[in-house]
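# Remarks on the overall topology
Each chain is listed here by its residues.
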Amino acid sequence: MATYYIWIKALHVAFMVTWFAGLFYLPRLFIYHVQSEDQISRERFTVMERRLFAIMTIGAALTWILGLTLAAINPAIAHSSWFMTKFALVIGLVVYHYRCLLWIRRLTETQATQDSKWLRWFNEIPVAFLLAIVLLAVAKPY
């Protein structure tokens, strides 16, 4: 299995990119959804949000499966401090991902226009996760 390590790692990164692309764009759809003024637009955003969530969930699942496979191939990595920090951040990302699902449900159930200011801040959270995770994975600072 060790001979496939680099290929698994490449796929892990590719699916991580898929996951993050969804995490970056989905909250932006929420903002557009909240700001939409007609029923047709709200229904269109609901469909777009659900489809994007499905795609990014597949990316997230494959990222996790491949990441755990990498850790199984190289168990020493799981005991390093930088990896434990990265793992905690990825757990936080899963919480963020779930929070996106709750926003989809909330926006589907309500027709009320809400303030998009909070969603604009919510939209920036994945950037912090991405920077921290990539820096930890590449630099392995501790």
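For the structure itself, consult the block above.
Everything numeric here is computed off the predicted structure, so don't read it as measured data.

### Considerations on the packing of aromatic side chains
Evaluation of the coordinates by the stated rule reveals ten aromatic pairs. Judged by centre distance (6.3 Å) and plane angle (50 degrees), the rings of Trp19 and Phe20 are tilted. The pair Trp19 / Phe20 is uniform in exposure class, with both members buried. With a centroid separation of 5.8 Å and an interplanar angle of 50 degrees, the aromatic rings of Phe20 and Phe24 are classed as tilted. You can see Phe20 and its partner Phe24 sitting in helix H1 (residues 5–35), four residues apart, about one turn around the helix. Residue classification places Phe24 among the partly exposed positions, given a relative accessible area of 32%. By way of ring pairs, the aromatic residues Phe30, Tyr96, Trp103, Trp118 and Phe122 are connected into one cluster. Taking NZ or CZ as reference, Lys140 lies 4.8 Å from the ring centre of Trp82, over its face.

### Here's the deal with a nonpolar patch on the surface
Together, Met1, Tyr4, Ile6 and Trp7 line one region of the surface with nonpolar side chains, adding up to about 560 Å² of accessible area. Along the chain, Met1 turns up in the segment before H1.

### Quick word on the nonpolar core
Grouped together as the largest cluster of nonpolar side chains are 26 residues, with contacts concentrated most on Leu26, Phe30 and Cys100. Of all the elements in the fold, those that place two or more residues in this core are H1, helix H2 (39–73), helix H3 (81–109), helix H4 (117–122) and helix H5 (125–139). Tallying contributions element by element places H1 first for this core, with nine residues. When near neighbours in sequence (up to four residues on either side) are disregarded, Cys100 contacts Leu26, Phe30, Phe53, Met56 and Phe122. In this structure, Leu70, Ile77, Trp82 and Leu136 belong to the second largest nonpolar core, which totals nine residues.

### As for the side chain of His12
Among the structural elements, His12 can be located in helix H1. In this structure the side chain of His12 is engaged in a polar contact, spanning 3.3 Å, whose partner is the backbone nitrogen of Gly67. When neighbours within four sequence positions are excluded, His12 is seen to be in contact with Thr63, Leu66, Gly67, Leu70 and Lys86.

### Considering the packing of H1 against H2
Axis separation between H1 and H2 bottoms out at 7 Å; the angle between their running directions is 155 degrees. In terms of axis orientation, H1 runs roughly antiparallel to H2. The crossing of H1 and H2 is left-handed. Partitioning the contact of H1 with H2 into residue classes produces 24 nonpolar, nine polar and three charged.

Cut-offs and rules
- Counting restarts for each chain: residues are numbered from 1 in the order of the written sequence.
- With the structure being a predicted model, the display of local features is reserved for residues of pLDDT at least 70 and the display and counting of side-chain atom pairs for 80 or more, all residues being used for whole-chain, interface and lining totals.
- Side-chain numbers here rest on the full set of heavy atoms in the structure, without hydrogens or water.
- In summary, the pairing rule links any two rings of Phe, Tyr or Trp, Trp by its six-membered ring, whose centres are within 6.5 Å, and it sorts them by plane angle into stacked for under 30 degrees, edge-to-face for over 60 and tilted for everything else.
- For the exposure calls, accessible area comes from a 1.4 Å probe over protein chains only, and a residue counts as buried if that area is under 20% of its type's maximum, exposed if over 50%, partly exposed in between.
- In this description a helix means any DSSP run of H or I spanning at least four residues, a strand means any run of E spanning at least two, and both kinds are numbered starting from the N terminus.
- Each ring is checked for a lysine NZ or an arginine CZ that lies within 6 Å of its centre and within 35 degrees of its normal; such an atom marks a charge sitting over the ring.
- Only residues whose relative accessible area exceeds 30% and that form no salt bridge are eligible for patches; like-charged ones are grouped when within 9 Å, while nonpolar side chains (Val, Leu, Ile, Met, Phe, Trp, Tyr) are grouped when within 5 Å.
- Computed with the Shrake-Rupley method and a 1.4 Å probe, the accessible areas treat only the protein chains shown as cover for residues.
- Any Lys or Arg side-chain nitrogen found within 4 Å of a carboxyl oxygen on Asp or Glu counts as a salt bridge.
- Among buried residues, the Ala, Val, Leu, Ile, Met, Phe, Trp, Tyr and Cys ones that are joined through side-chain atoms within 4.5 Å form a nonpolar core.
- Contacts were defined at the residue level, with two residues in contact if any of their heavy atoms lie within 4.5 Å.
- Within 3.5 Å is the distance limit for a polar contact, defined as a pair of N or O atoms, with the added protein rule that one can donate a hydrogen and the other accept it, and that residues adjacent in sequence qualify only through two side-chain atoms.
- Orientation is described by axes fitted as lines to C-alpha atoms, over the contacting stretch for helices, and by angles from 0 to 180 degrees between their N-to-C directions.
- An angle counts as roughly parallel when it lies under 35 degrees, as roughly antiparallel when it exceeds 145, as roughly perpendicular when it falls between 65 and 115, and as oblique in every other case.
- In this scheme the crossing of two helices becomes right-handed for a clockwise turn of the near helix relative to the far one and left-handed for an anticlockwise turn of less than a right angle.
- Each residue gets one label: Ala, Val, Leu, Ile, Met, Phe, Trp, Tyr, Cys and Pro are nonpolar, Asp, Glu, Lys and Arg are charged, and the others, such as Gly, are polar.

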